[in-house]
Number of protein chains: 2
Amino acid sequence: MKLTHQRLEIYKALAASLDHPSAEDLHRRIRGRLPTVSLDTVYRTLDTFEQHTLVNKVPVVKGPARYDAGMHPHHHCVCARCRKIEDLDWQAVDAVELPSGSQEWGHVTNRFVQLYGLCSSCSKAEQPATV
Amino acid sequence: MKLTHQRLEIYKALAASLDHPSAEDLHRRIRGRLPTVSLDTVYRTLDTFEQHTLVNKVPVVKGPARYDAGMHPHHHCVCARCRKIEDLDWQAVDAVELPSGSQEWGHVTNRFVQLYGLCSSCSKAEQPATV
DNA sequence: GTAATTGCAAATCCTTTGCAACCAC
DNA sequence: GTGGTTGCAAAGGATTTGCAATTAC
């Protein structure tokens, strides 16, 4: 894998983020340093990183895919209203043995949990958006 | 919520499915009975069902959203290669208390786990697709 | 009768792809 | 030098929206 300016900036921007940015978020964030970088390069680069297990794509029900450079095992809190995604460590779950059914299903490479609900700021707001 | 033919067929088709179909899958499945139903009605109807907590949208990293009419708490096994999604009961995880961090985050309404990997048929195939 | 729902078409959002120029190795 | 990578533009897939006609209540 070649080291290009674009890849370096994209990786640095993602690693510095705590908010699980989308490809477009990252594109915006690196434009100051690399004004000519294109959005499709960001997409391609994130794909490449994912294949090399440098980043993770976070599954979402709505809107653009979100990315995460923290590769230690962890989970997510997802807000149904503002779509904020926050990391969560939950060792009690990590420690639970895989259920017997999973062997029959196939070969599990990783598990992750999403806690779904309303973040504290959205809890205060009156009209929760739908999932 | 009005009961229309379209809604009834969509709900029946989803409830009869074990494979977590996409909107387009469902559209195809009900066309035999309702030849004029449109895909956008399927989307709108699934949205409506979701707001009434009759169905769940399953978060995916790639491809169209998938739906699930089983509303009892359960989890999913997701194949990285063929994108098959299978239900999984895992009471050991359901029993784990929410971590202390989650209270600070906000109000958690539900939790779900994805076991990610290769299903048994894809495990036998040689070249796993990327996430 | 009335407001919600539908089908159609078009628009929008997000992501991917073909291709020629470019750059890291 | 060469093959992988980029930027551009255009295409593609998934989903949403405006609107007039229709339907459940």
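Look up: the structure comes first, before these words.
Structural notes, computed from the coordinates. As the structure is a prediction and not an experimental result, all values here were calculated from the model. (Residues numbered from 1 in each chain as written. Chains lettered and ligands numbered in written order. Predicted model: local features only at pLDDT ≥ 70, side-chain atom pairs only at ≥ 80, totals over all residues. Heavy atoms only, no water.)

**Regarding the pairing of strand β3 (residues 75-79) of chain B**
Residues and elements named next belong to chain B.
Then comes step 1: Counting buried residues along β3, 5 of its 5 residues qualify, which places the element largely inside the surrounding structure.
Then comes step 2: Taking every second residue as pointing to the same face, both faces of β3 are buried, with H75, C77 and C79 on one and H76 and V78 on the other.
Then comes step 3: For β3 and strand β4 (residues 85-88), the ladder comprises 4 bridges, and the chain directions are antiparallel. Paired with H76 across the bridge in β4 is D87. (Buried < 20%, exposed > 50% of the residue type's maximum accessible area, 1.4 Å probe, protein only. Helix = DSSP H or I, 4+ residues; strand = E, 2+ residues; numbered from the N terminus. Pairing = 2+ DSSP bridges.)

**Regarding the protein's contact with DNA strand C**
Then comes step 1: Surveying the vicinity of DNA strand C reveals 20 residues, the closest of which are Y43 of chain A together with T4, Q6, R7 and T41 of chain B.
Then comes step 2: In DNA strand C, atoms within 4 Å of the protein come from the sugar-phosphate backbone in 67% of cases.
Then comes step 3: Contact between DNA strand C and A65 of chain A: a phosphate oxygen at 2.9 Å from a main-chain N or O atom of the residue.
Then comes step 4: At a separation of 3.2 Å, a phosphate oxygen of DNA strand C approaches a polar backbone atom of S38 of chain B.
Then comes step 5: Within the residue set of the surface near DNA strand C, elements represented by two or more residues are α3 (39-51) of chain A together with α1 (5-15) and α3 (39-51) of chain B.
Then comes step 6: Looking at the surface near DNA strand C element by element, the count peaks at 4 residues for α3 of chain B.
Then comes step 7: Split by residue class, the surface near DNA strand C holds 5 nonpolar, 7 polar and 8 charged. (Near = heavy atom within 4 Å. Polar contact = N/O pair within 3.5 Å; in protein donor to acceptor, adjacent residues only side chain to side chain. Nonpolar A, V, L, I, M, F, W, Y, C, P; charged D, E, K, R; others polar.)

**Comments concerning α1 of chain B**
All names here are of chain B.
Then comes step 1: Those residues of α1 not exposed but buried are E9, I10, A13 and L14. The buried residues of α1 all sit within an arc of 130 degrees when viewed along its axis, so they share a single face.
Then comes step 2: Summarising the contacts, the buried residues of α1 are in contact with α2 (23-30), α3 and β2 (66-68). (Arc of directions from axis to C-beta. Contact = heavy atoms within 4.5 Å.)

**Overview of the sheet that holds strand β5 (residues 106-119) of chain A**
Then comes step 1: Strand order in this open sheet of 6 strands is β4(A)-β3(A)-β5(A)-β5(B)-β3(B)-β4(B), and the pairing throughout is mixed. A strand with exactly one partner marks an edge of an open sheet, and here the two such strands are β4 (85-88) of chain A together with β4 of chain B. Within the sheet, the average angular offset between the axes of one strand and its neighbour, ignoring direction, is 30 degrees.
Then comes step 2: By the bridge criterion, 4 bridges tie strand β3 (residues 75-79) of chain A to β5 of chain A in an arrangement that is parallel. Across the sheet, the residue bridging to C77 of chain A is L115 of chain A, located in β5 of chain A. (Axes fitted to C-alpha atoms, helices over the stretch in contact; angles between N-to-C directions.)

**Quick look at the interface of chain B and chain A**
Then comes step 1: Facing the 41 residues of chain B at the interface are 41 residues of chain A.
Then comes step 2: Summed over both sides, the interface of chain B with chain A buries roughly 3,300 Å², with 67% coming from carbon and sulfur.
Then comes step 3: On the surface where chain B and chain A come into contact, there are 0 salt bridges.
Then comes step 4: The interface formed by chain B and chain A holds 12 residue pairs in polar contact (both at pLDDT 80 or more) in total.
Then comes step 5: Breaking the side of chain B that touches chain A down by element, the ones donating at least two residues are α3, β1 (56-58), β3, β4, α4 (91-94), α5 (100-105), β5 (106-119) and α6 (120-124) of chain B.
Then comes step 6: Here the side of chain B that touches chain A takes 14 residues from β5 of chain B, the largest share from any one element.
Then comes step 7: When grouped by side-chain class, the residues that make up the side of chain B that touches chain A number 23 nonpolar, 11 polar and 7 charged.
Then comes step 8: Here β5 of chain A pairs with β5 of chain B via 13 bridges, running antiparallel. In the strand pairing of β5 of chain B, R111 of chain A is matched with L115 of chain B. (Buried area = accessible area lost by both parts, 1.4 Å probe. Salt bridge = Lys/Arg side-chain N within 4 Å of Asp/Glu carboxyl O.)

**Description of the nonpolar core**
Then comes step 1: W90 and L115 of chain A together with W90 and L115 of chain B are the most contacted members of the largest nonpolar core, which has 42 residues in total.
Then comes step 2: Setting aside anything within four residues of it in sequence, one finds W90 of chain B in contact with V96, E97, L98, P99 and R111 of chain A together with H75, V113 and L115 of chain B. (Core = buried A, V, L, I, M, F, W, Y, C linked by side-chain atoms within 4.5 Å.)

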